[in-house]
Structures are given as structure tokens and as C-alpha cells.
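Report on the structure
Listed below, chain by chain, are the residues.
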Amino acid sequence: MKTRNIVLAVVALVCGQAHAQSFDTYFEDNTLRIDYQFSGDAQHQEIAVDQLNLVPRWFGKRQRLAELPVEGNGQITVKDHKSGAVIYRNSFSTLFQEWLSYPEANRTRKSFENVFLVPMPKDTADITVDLRNNRREVVATLTHQVVPTDILIRRIGFQDVTPYETLQQAADTTRCIHIAYLAEGYTEEEMPLFIEDVQVANEALFAHEPFKSLRQRFNIVAVKAPSKESGTSEPGKGIWKNTALHSHFDTFYSQRYLTTLHLKDMHDWLAGTPYEHIIVLVNSERYGGGGILNLYNLTSTHHSKYKPVVVHEFGHSFCGLGDEYAYEYEDIPMYPHDVEPWEPNLTTLVDFRGKWEDMVKKNTPVPTPVGKDKDKVGFYEGAGYSMKGVYRALPDCRMRTNENPEFCPVCQRALIRLIDFYTK
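I will try to describe carefully the structure that is included in this document.

Rules of the game
- Residues numbered from 1 in each chain as written.
- Predicted model: local features only at pLDDT ≥ 70, side-chain atom pairs only at ≥ 80, totals over all residues.
- Heavy atoms only, no water.
- Disulfide = S-S within 2.5 Å.
- Buried < 20%, exposed > 50% of the residue type's maximum accessible area, 1.4 Å probe, protein only.
- Salt bridge = Lys/Arg side-chain N within 4 Å of Asp/Glu carboxyl O.
- Helix = DSSP H or I, 4+ residues; strand = E, 2+ residues; numbered from the N terminus.
- Expected span 1.5 Å × (residues − 1).
- Contact = heavy atoms within 4.5 Å.
- Pairing = 2+ DSSP bridges.

1. Quick look at the state of the cysteines
Counted by the stated rule, this structure contains zero disulfides. We note that Cys319 lacks a disulfide partner, and the nearest cysteine sulfur, in Cys411, lies 7.7 Å from it. The closest cysteine sulfur to the non-disulfide-bonded Cys411 is located on Cys408, 3.7 Å from its own sulfur. For Cys411, a relative accessible area of 0% translates into the label buried.

Below is the structure:
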């Protein structure tokens, strides 16, 4: 028995060492930033490489490199060219794919900037990007080759780095989640205000579970990108500002949808700083924001609901949590009722496995009526913008209303699993 335990221990040690060495086998401690253009309309989409960039250090995952914790609306896959082995994968969602669900995409073609970060391969790699529709089907794909010695790979972030402050250092900076708060619409003179707003947002985020209990696993910086003008653009009012990220309200003609389409500018400002996940703080009193998985979280800072909104949007951008509210007047067809959403907190009950079935008591009705027990896990109808056919787990949650003070147990578990994936 003792001999068997020794053998198992040796095997575990060898496997652990191989697992730990896998990053160094294929990658150097730098980032390959790939700029793409996604273009098309509702009928046809295309992907094109815009530019390759080399950025110092790698601040993403260093283990479980070929695994995906969240499916997303698209994926990027890196393969070693010689062996064909998958050496890195990540998922994402984009504004382009969201735009495809709006009527405008049926009558015109547009292009959108997109930027993805992967560890810099030591040798020639084949990189595949694919986009998926709301039926989880691949609708566009591109594979291109990257040769690390290519002289046209731009070096950025090795000098003239945007000034930043470290607000919170992780207990283990080699196994942590790196978040950068980025200033938008703050002039050079307003940077002290930006730092104050970052501190408010950060304390709001880490007042929520599971972030509160796992705070030591996050490394936080505030990046002071100066804007020439204060505030942000408001197209509906004819106001256009010259800001660092050229953000604006009225995205897709939705008044409160605050975004930026200038992703290359965003990553130029961040180059050379320790970041993977991005929270953009916009110097505005108007209510609004947006969050896109592994893209960014962008929130206005001086509205009374600033704190719950920045936390809600981080649920989107960090974990891919879906919106749990619905509109009677705006039924956006983002979740077909005959397809199971990939988001961990939404279901159409088409393929409910692996979500919250273990939390539901037997004989719970579908849909579950909202009763006196606000903590009863079930199938509450009205989620994913649809009044019917899409279900959430509890009557209320941070992903449903700004008034609810916490993420529901289903969302908390999804967040814990993702944090563990990155840091354990």
C-alpha cells in the first residue's frame, strides 16, 4: 500500500511538473496582441487580420491553456504549427455579433475593430478565430499563421507606457486575475478624480461575493489615459467629445448603451501595463454602460447607480453572465427558444445539464411562480430580454436589477468556478 502511494505521488509530481512547464514549452513571457476587423451584415460575415503587436509580459492564464471555462460567442485557438497541438484557447463576445441581431444589419454592412491577446509563441503558430451566431453555430472563421520572427510585428508598450497606479496586489501575482481600470473622459487635471472613482468602483466590486472572499486572487491597477476633453460623446444631443477612447452613448441607437468601438486605441493606452480584464470608467453623470465577455466593462461614474452598474457589467465582461431581465416592449431575439444558451445563468431547458439542476427541489413547477420565498431556486420566466421561453434561477439577482444587493447563488457559483479556473 505504501509503495502504491509513493508511485502515485511520483506520477502526480511528474504530471504536475509537465503541466507547469507546458507554458514555457510553447510560449515566451510576452503577449501577442492581434488586431482584427470583423465585417459584414446579417447574411454574411468576414474576418481579416489588421495588425500583429508584441507587448511585454503575459498576464493571462498559465495553466489549463487549451481549456475553455466559458463558451462565448466566438473563440480564438492557437496551434503549434509543427505538431498541430492546441496550445491555447480563449473565448469572447463582440459588439459586432450583437449588432448582427439588430434590424440595421439586415440593410447595411459594417466593420468593427476587435483585439485579442494570446501568449507570444516561441515558434510558428496557426491561429484560428471563429464567430458563432445565436444558435451556437460557426458562421465565420479565419486561420492565419504567425511567425514570431516576422519583422512587421509592431513592438508596443516597451517605452512611453501610460502612467498607472497599483491599487491592489494579488497574494500570488503568477496565479491571479489582472484587472486594469482605464480612464475615459478624464483630462490630465482630473486624474485625482479618476483615482477616487476607481476606488469607489473597486470597493463596490469587492463588497460582493465571491469577490469579497477571494479578493487576494486579484491584481488591480488604474491606468491614467488622459483625454483632451472632459466627459463623453452624446450623439442624441449632438455632443461629440475628443476623448482617449472616443466612447459614446446611443450605441445601436439605444440611449443608455455606452460603449467604445476604438479597441485598438484602448489597448494602445494599456500596452505595457499589467492587464487582461478591462474596466473602463467614463467621466459622465448620465446613466449607462456596457459589458462584453473578455472585451471590456464600460460604465459612467457619476450617476447615482454607478456602483451596482459597474458590478453588473463586470458580471458580463469577466464571466459571461447573461442579463436576467426582459422587456415587454423590446423583445431582442438573442436567445432562440429551441437552443440552450451558453451563459451559465440562463436556460431555455433545451439542454439544462451542468447549470443549476442540483439546486432545484423536486416537483418545482416550470415556470416557477414568484412567491414569498425569494431564495427558492427554480425556473423564473423572463430573462435574456425575452418575456417567455428563457428562464433565470431566482426571482432577483445583481444580473437582473440594480436594487438587488448580491449575485444570486447560481451566478456566484459560476464566478467561483471561473476564478478557480484562472488561479488554482
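2. Some points on the pattern of salt bridges
In a structure, side chains of opposite charge can pair up when their charged atoms sit close to one another. On inspection of all chains with the given rule, the structure shows 24 salt bridges. One salt bridge connects Asp35 with Arg33, and the closest N-O pair in it is separated by 2.9 Å. Like Asp35, the residue Arg33 is buried in the burial classification. For Asp130, the salt bridge goes to Arg132, with nearest N and O atoms at 2.8 Å.

3. So, unusual backbone geometry
For the peptide bond that leads from Glu209 to Pro210, omega is 10 degrees, which places it in the cis range. With respect to the secondary-structure elements, Pro210 resides in the loop between helix H3 (191-205) and strand E11 (218-223). With omega at -5 degrees, the peptide bond leading from Val366 into Pro367 counts as cis. In this structure, Pro367 sits in the loop between helix H5 (306-319) and strand E15 (380-383). The phi dihedral of Asp160 is positive, around 55 degrees, even though this residue is not glycine. Note that Asp160 resides in the loop between strand E8 (154-155) and strand E9 (164-168). With relative accessibility at 73%, the residue Asp160 sits in the exposed group.

4. Some points on helix H6 (residues 409-423)
For H6, which comprises 15 residues, the first-to-last C-alpha distance of 21 Å matches the rise-based estimate of 21 Å (1.5 Å per residue) to within 8%. Within the sequence span of H6, burial applies to Val410, Cys411, Arg413, Ala414, Leu415, Leu418, Ile419, Phe421, Tyr422 and Thr423. The inward-facing, buried residues of H6 contact strand E10 (177-184), E11, strand E12 (277-282) and H5.

5. Quick notes on the side chain of Ser317
Secondary-structure assignment places Ser317 in helix H5. Judged by its relative accessible area of 4%, Ser317 falls in the buried class. If near-sequence neighbours (up to four positions away) are discounted, Ser317 is found in contact with His277, Gly291, Ile292, Leu293, Asn294, Tyr296 and Asn297.

6. Observations concerning the sheet that holds strand E2 (residues 45-56)
The sheet built from four strands is open, its strands ordered E5-E1-E2-E8 with mixed pairing. Looking at the sheet topology across the chains shown, the edges are occupied by strand E5 (110-121) and E8. Looking at chain direction, strand E1 (residues 27-40) and E5 are connected through eleven bridges and run antiparallel. Bridging across to E5, Leu32 finds its partner in Val118.

7. With respect to the environment of Ile179
Following the sequence through the fold, Ile179 ends up in strand E10. C-alpha of Ile179 to C-alpha of His208: the two residues are 29 residues apart in sequence and 16 Å apart in space. The contacts of Ile179, once residues within four sequence positions are left out, are Phe218, Asn219, Ile220, Val221, His277, Ile279 and Phe314.

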